[in-house]
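# A structural walkthrough
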Amino acid sequence: MPHFYERDKNLQTLLKNHLPEPFFKWADIELNDFSEKCTGVFDERAVHTDREGQPKLIRYDKMGNEISKVWFNEGYRQTVADTYGAGIVGYIHKEIPERGHKGNYVYAFAQGYLLSHAEPGFYCPVTLSKATAYLLDQYSEGFVRERFLPHVLATGNEELYEGATFLTERQGGSDVGANETVAVQNGDSYKLTGEKYFASNAGACGVTMVLARIEGATGGTRGLSLFAVPWEENRVAGNLRIRRLKDKLGVRAVASAEVEFTDTTGYLVGDADKGFFYMMEALNLSRICNAVASIGIMRRSLLEAYDYATTRDAFGKQLIQYPMVQSTLTKLAAKQDISLKAVFDVIGLMDHVMGPETKKSASQDDTILFRLLVAVVKKETAEQAIHFARESLEMHGGNGYIEDFVTPRLLRDAQVLTVWEGTANILGLEVLRLLTKYHVDELFTTMMTERLMIVEAALNETLTEEQIPTWQTHLQTVKDELGDLNKKVQHFHSASYDLQTYYSKEIAKEYSDLFEGLIALEAAAHGDDNQKMLSAVFIEMTFTTQDSGDMTEMPIDLLGFSAAQEAMQG
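A few points on the structure. (Residues numbered from 1 in each chain as written. Predicted model: local features only at pLDDT ≥ 70, side-chain atom pairs only at ≥ 80, totals over all residues. Heavy atoms only, no water.)

### Side note on unusual backbone geometry
Phi at Val251 is positive, roughly 40°, even though this residue is not glycine. Following the sequence through the fold, Val251 ends up in the loop between β10 (240–245) and β11 (256–268). With relative accessibility at 2%, the residue Val251 sits in the buried group. (Helix = DSSP H or I, 4+ residues; strand = E, 2+ residues; numbered from the N terminus. Buried < 20%, exposed > 50% of the residue type's maximum accessible area, 1.4 Å probe, protein only.)

If you want it as structure tokens, here you go:
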């Protein structure tokens, strides 16, 4: 079949709109080449890694010495070289040789999206390396910066250090303030002692960013500092050990471990009292990576469902000819189309709020709004990835449950995305915090109102007289939903804390729906008739209660099937 990028006109259009023209022309060629590997050798290696080639802990050498090494299969190692060599991490922070300027998050996340079609398990280590690169680039200085950053940004020119971020401890989990790992100063470095209970990319990373409490520091998150810990020198010295690798449901490509530190050498990064703050910044980056992995799984699931439906016969017809199947595929196509656009809209803001050259100029309002959008987009896309994978599996019938097909792996890999980088409960609490502490509802309403005014004018300019009434209705629907949400949030502000936490996930979902509704309207205003149809399907299935009525009118999800086919065929 055509490779993922070639088939995804939506992504191509997004990149053309987000990137300067000379950069896009270069990126278009590079992404074509990268996508061929994703559709081919990366996908083949992913099957092997998932089934027979999972990482294995080698605890002892032949002489009985404990070594805590992790074995990775050769195909996986080649995917590592190919992916980092393509600049998926490095070109965010350093110049692209052929371009003479740095890349950006939009380009890097386009790579991550394509990679996640084939191997979302490997995109986890890439995510951790991105977070490590961000932390070192923003906050390390002198010896620490010189020692680690060039290796984390390596694209084949020097030895690669993959990254990792170790937060979670057994007694705390998401409650990072309960962490007990202690750091004792030892000249220019520190000695860390403690454990990390869910340490992903253990054994593969060259350096890991670790939260620990300097001896005598205050309790809670305020007392945590950030350290860069070199992996190999500590492993060889016997100052860190892997207790075991986690036996996970999915994303088996990444080695997730329980790691013990004993007088492990680490180097302080940034201010000692801002470690948790630094890591939370990196967490927003990781949450966007999570959303990118989710929309990658959504797209792969959609393609697999569509391709199967066009080749499988049942009761004398192809599956694709049945209205039930057409309805399912149209709804999935519309949702994935708008979700992709929404995620890349947030990534565009991220390039401003977290970009190496622009971060200092970002306002607090931009940063707070970004945090809200990250939280709600991450929550929604992670849940949708599971839904898409399940629908694709069901489209395959019994075959979908067989490991010869990709659908079981998609479902297993999707499931972790609701957990990593914050569960729905944690994200609900993030939305609650942003509402009560920063009044993000006001920022969101201002943003929505301003963009709805622009999209209304654009619709009036681009629509025919026959189309205007329909789109005025869609526009008013989104405006009414915004008004209803604001009334709900007013009650939310006056509710007890227990009720606020209870409703926080519901509020997060409504913010997500409204943001995607805005994106759908903007896409309709500037897109062709196929795009208008997909946007209309999205708005009606998101905000309108379906009513079978007298069953004489063709439902919009069937009317939109030809537009959905275009989106799936590329």
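And the narrative resumes.
### What about the environment of Asp441?
Along the chain, the position of Asp441 falls in helix α15 (residues 440–462). Those residues in contact with Asp441, other than ones at most four positions away along the chain, are Leu435, Val489, His493 and Tyr511. (Contact = heavy atoms within 4.5 Å.)

### A look at helix α7 (residues 120–139)
Counted at 1.5 Å a residue, the expected span for α7 with its 20 residues is 28 Å, and the 29 Å between its end C-alpha atoms agrees. Regarding α7, its N-cap is Glu119, as a side-chain oxygen of that residue lies 3.1 Å from the backbone nitrogen of Gly121 further along. (Expected span 1.5 Å × (residues − 1). Polar contact = N/O pair within 3.5 Å; in protein donor to acceptor, adjacent residues only side chain to side chain.)

### A few points about the pairing of strand β1 (residues 56–60)
Where β1 meets strand β2 (residues 66–71), four bridges bridge the pair, whose relative direction is antiparallel. Counterpart to Tyr60 in the pairing with β2 is Glu66. Hairpin connection from β1 to β2: five residues lie between these consecutive antiparallel strands, with Gly64 at a positive phi of about 85°. (Pairing = 2+ DSSP bridges.)

### Regarding empty space enclosed by the protein
Throughout the structure, instances matching the rule amount to four cavities of 30 Å³ or more. As a volume, the largest cavity reaches approximately 110 Å³. Lining the largest cavity are 14 residues, with Cys124, Thr127, Asn290, Leu417 and Trp420 positioned closest to its centre. Each residue belonging to the lining of the largest cavity can be placed in one class, and the counts come to nine nonpolar, three polar and two charged. (1 Å grid on protein atoms, 1.4 Å probe; cavity = no way out; pocket = protein on both sides within 12 Å on 5 of 7 lines; lining within 4 Å. Points joined across faces, edges and corners; volume = space filled by probe spheres on them. Nonpolar A, V, L, I, M, F, W, Y, C, P; charged D, E, K, R; others polar.)

### Notes on the side chain of Glu162
Looking at the secondary structure, you find Glu162 in strand β5 (residues 162–166). Buried Glu162, no salt bridge; nearest opposite-charge side chain is Arg77, N-O distance 7.3 Å. Discounting chain neighbours no more than four positions away, the residues touching Glu162 are Val80, Tyr84, Pro125, Ser129, Asn201, Ala204, Cys205, Gly206 and Val207. (Lys, Arg positive; Asp, Glu negative; His and termini not counted. Salt bridge = Lys/Arg side-chain N within 4 Å of Asp/Glu carboxyl O.)

### Focus on the layout of surface pockets
Put simply, the second largest pocket is a space of about 770 Å³. Lining of the second largest pocket is provided by 31 residues; of these, Asn10, Thr13, Lys341, Ala523 and Gln531 occupy positions nearest its centre. For the lining of the second largest pocket, the secondary-structure elements that each account for two or more residues are α2 (9–18), α10 (275–311), α11 (323–353), α15, α17 (497–526), α18 (529–543) and α20 (561–569). With six residues, the top contributor of residues to the lining of the second largest pocket is α2.

### Concerning the pairing of strand β8 (residues 205–214)
Most of β8 sits inside the fold, with 10 of its 10 residues counted as buried. Here β5 pairs with β8 via five bridges, running parallel. Each bridged residue has a counterpart across the sheet, and for Ala164 the counterpart in β8 is Thr208. Bridge count between strand β6 (residues 182–186) and β8: two bridges; the pairing is parallel. For Ala183, the partnering residue across the bridge sits in β8 and is Ile214. The pairing of β8 with strand β9 (residues 224–230) spans seven bridges and is classified as antiparallel. When the sheet's bridge partners are listed, Met209 is paired in β9 with Ala228.

### Structural notes on a nonpolar patch on the surface
On the surface, a cluster of nonpolar side chains totalling about 340 Å² of accessible area is made up of Leu499, Tyr502 and Tyr503. Looking at the element boundaries, Tyr503 is found in helix α17. (Patch = residues over 30% accessible without salt bridge, like charges linked within 9 Å, V, L, I, M, F, W, Y side chains within 5 Å. Areas by Shrake-Rupley, 256 points an atom, 1.4 Å probe, with all protein chains shown as cover.)

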